Amino acid sequence: MADTAEASAAAPGTGPPLLEVAGVAVGYNGPDGYTAAVADASFTVRAGETVMLIGPSGCGKSTLLRVVAGFLRPAAGRVVFDGRTGLAPGPDRAVVFQESDQLLPWRTALGNVAYALRATGTPRARARALARDHLVGVGLAHALDRHPHQLSGGMKQRVAIARALALAPRMLLMDEPFGALDAQTRGRLQHDLAALVRRTGTTVLFVTHSIDEAVLLGDRVVVLGDRPSRVREVVDVAGVDRPDAPEFTAARRRLRALLAEEEETAHAPAH
Ligand SMILES: Nc1ncnc2c1ncn2[C@@H]1O[C@H](COP(=O)(O)OP(=O)(O)OP(=O)(O)O)[C@@H](O)[C@H]1O
Ligand SMILES: [Mg+2]
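Computed from a prediction, not measured in an experiment: that's the story for all the values here.

Taken together, 13 residues surround ligand 1, and among them Ser57, Gly58, Lys61, Ser62 and Thr63 come closest. For ligand 1, an oxygen atom lies 2.8 Å from a polar atom in the side chain of Ser62. His209 is positioned with one of its side-chain polar atoms (N or O) 3.2 Å from an oxygen atom of ligand 1. For ligand 1, the protein covers 58% of the area, taking 630 Å² as the surface of the free molecule.

If you want it as structure tokens, here you go:
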């Protein structure tokens, strides 16, 4: 992914929120009735910001992302995106998942991206041209005509990112998109994503397990804890994008402490 022009978008953190999550409770209906996953989540994402969601496994990170994507309705509270509530899924909130099988196996890299564009009404020739541009933008110029089974895990995630960005979403939703990759590939994709986000001014809501990923990619980190979960703290990490910066160590220590407290609470004996 070449890092050419810098974004001309307004500095992140200014202006009204693009996304507001206020007092959201959400859970699942099963054979034993309703089980709460998230008890009370409130946070905002402003245009141009990258906000990270972190917390222990099962605390409801993916669940919250599904609510923002419009796949799930909250049981209580408010989710306002771009002034709208009652969200249905739409290309204005494109999602990238962890799984490497999110591509259509019978279509090429180019075909996968073009197909998503065609599905949102883009004419065929324009869809193919846009798909090509976006795949080149994520460093896949050499792999346009390959099928998913001919791509590495990292390359498949690049296709998924190109597909999401090709839709020109108002917000990119990412659920541990690099979670299944080896450390080296993960590092490279993190770097490339950061450059791409800077260049395009894309707003991102990103779920991660990794403290380092949260600090390196995020402007703010929403720390979830307890079960059903609530927001414990929102940590500002804007501008901390190098592991050798002194602020990096401080931010990492703060997040470690918050997540360790969370572990202790989870394992404390009941009184
Ligand atoms: N489709 C579902 N039906 C019922 N319960 C679910 C469903 N999906 C998730 N849950 C439950 O909701 C809670 C939150 O799950 P969620 O997947 O959001 O957690 P997470 O924070 O994303 O975890 P991980 O870090 O492991 O991905 C868990 O207790 C989980 O078992
Ligand atoms: Mg999850």
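The geometry of an aromatic ring pair comes down to the distance between the two centres and the angle between the two planes. Under the counting rule described, the total for this entry stands at one aromatic pair. Sitting over the ring of Phe81, Arg93 keeps its end group 5.3 Å from the ring centre.

Glancing now at the sheet that holds strand E3 (residues 50-54). Ordered by their spatial adjacency, nine strands build an open sheet running E4-E1-E2-E9-E8-E3-E7-E6-E5, and the pairing between neighbours is mixed. Edge positions in the open sheet fall to strand E4 (76-81) and strand E5 (93-96), since each of these has one partner strand only. Each strand of the sheet is rotated relative to its neighbour by a mean of 20 degrees, with strand direction disregarded. Against the sheet, helix H4 (residues 153-166) contacts E5 and strand E6 (171-175), and its axis sits at roughly 175 degrees relative to E5.

A grouping of Arg118, Arg124, Arg128 and Arg132 is seen on the molecular surface, where their side chains present a positively charged patch. At three residues, the largest contribution of residues to the positive patch is made by helix H3 (residues 124-137). Looking at where Arg118 falls in the secondary structure, it is placed in helix H2 (residues 109-119).

Quick look at the side chain of Thr185 now. Relative to the helices and strands, Thr185 is located in helix H5 (residues 183-200). Of the polar contacts made by the side chain of Thr185, one reaches the side chain of Asp182; its length is 2.6 Å.

By the criterion of burial, E6 is predominantly enclosed, with five of the five residues buried. One ladder, built from four bridges, connects E5 with E6; its direction is parallel. Looking across to E6, one finds that Val96 is bridged to Met174.

For the peptide bond that leads from Arg227 to Pro228, omega is -10 degrees, which places it in the cis range. In this fold, Pro228 is placed in the loop between strand E8 (220-225) and strand E9 (229-236). One non-glycine residue, Ala168, lies in the positive phi region at around 50 degrees. Residue placement: Ala168 occurs in the loop between H4 and E6. We classify Ala168 as exposed; its relative accessible area is 59%.

Rules used throughout
- Residues numbered from 1 in each chain as written.
- Chains lettered and ligands numbered in written order.
- Predicted model: local features only at pLDDT ≥ 70, side-chain atom pairs only at ≥ 80, totals over all residues.
- Heavy atoms only, no water.
- Near = heavy atom within 4 Å.
- Polar contact = N/O pair within 3.5 Å; in protein donor to acceptor, adjacent residues only side chain to side chain.
- Areas by Shrake-Rupley, 256 points an atom, 1.4 Å probe, with all protein chains shown as cover.
- Phe/Tyr/Trp six-rings, centres within 6.5 Å; stacked < 30°, edge-to-face > 60°.
- Lys NZ or Arg CZ within 6 Å of the ring centre and 35° of its normal.
- Pairing = 2+ DSSP bridges.
- Helix = DSSP H or I, 4+ residues; strand = E, 2+ residues; numbered from the N terminus.
- Axes fitted to C-alpha atoms, helices over the stretch in contact; angles between N-to-C directions.
- Contact = heavy atoms within 4.5 Å.
- Patch = residues over 30% accessible without salt bridge, like charges linked within 9 Å, V, L, I, M, F, W, Y side chains within 5 Å.
- Salt bridge = Lys/Arg side-chain N within 4 Å of Asp/Glu carboxyl O.
- Lys, Arg positive; Asp, Glu negative; His and termini not counted.
- Charge placed at Lys NZ, Arg CZ, Asp CG, Glu CD.
- Buried < 20%, exposed > 50% of the residue type's maximum accessible area, 1.4 Å probe, protein only.

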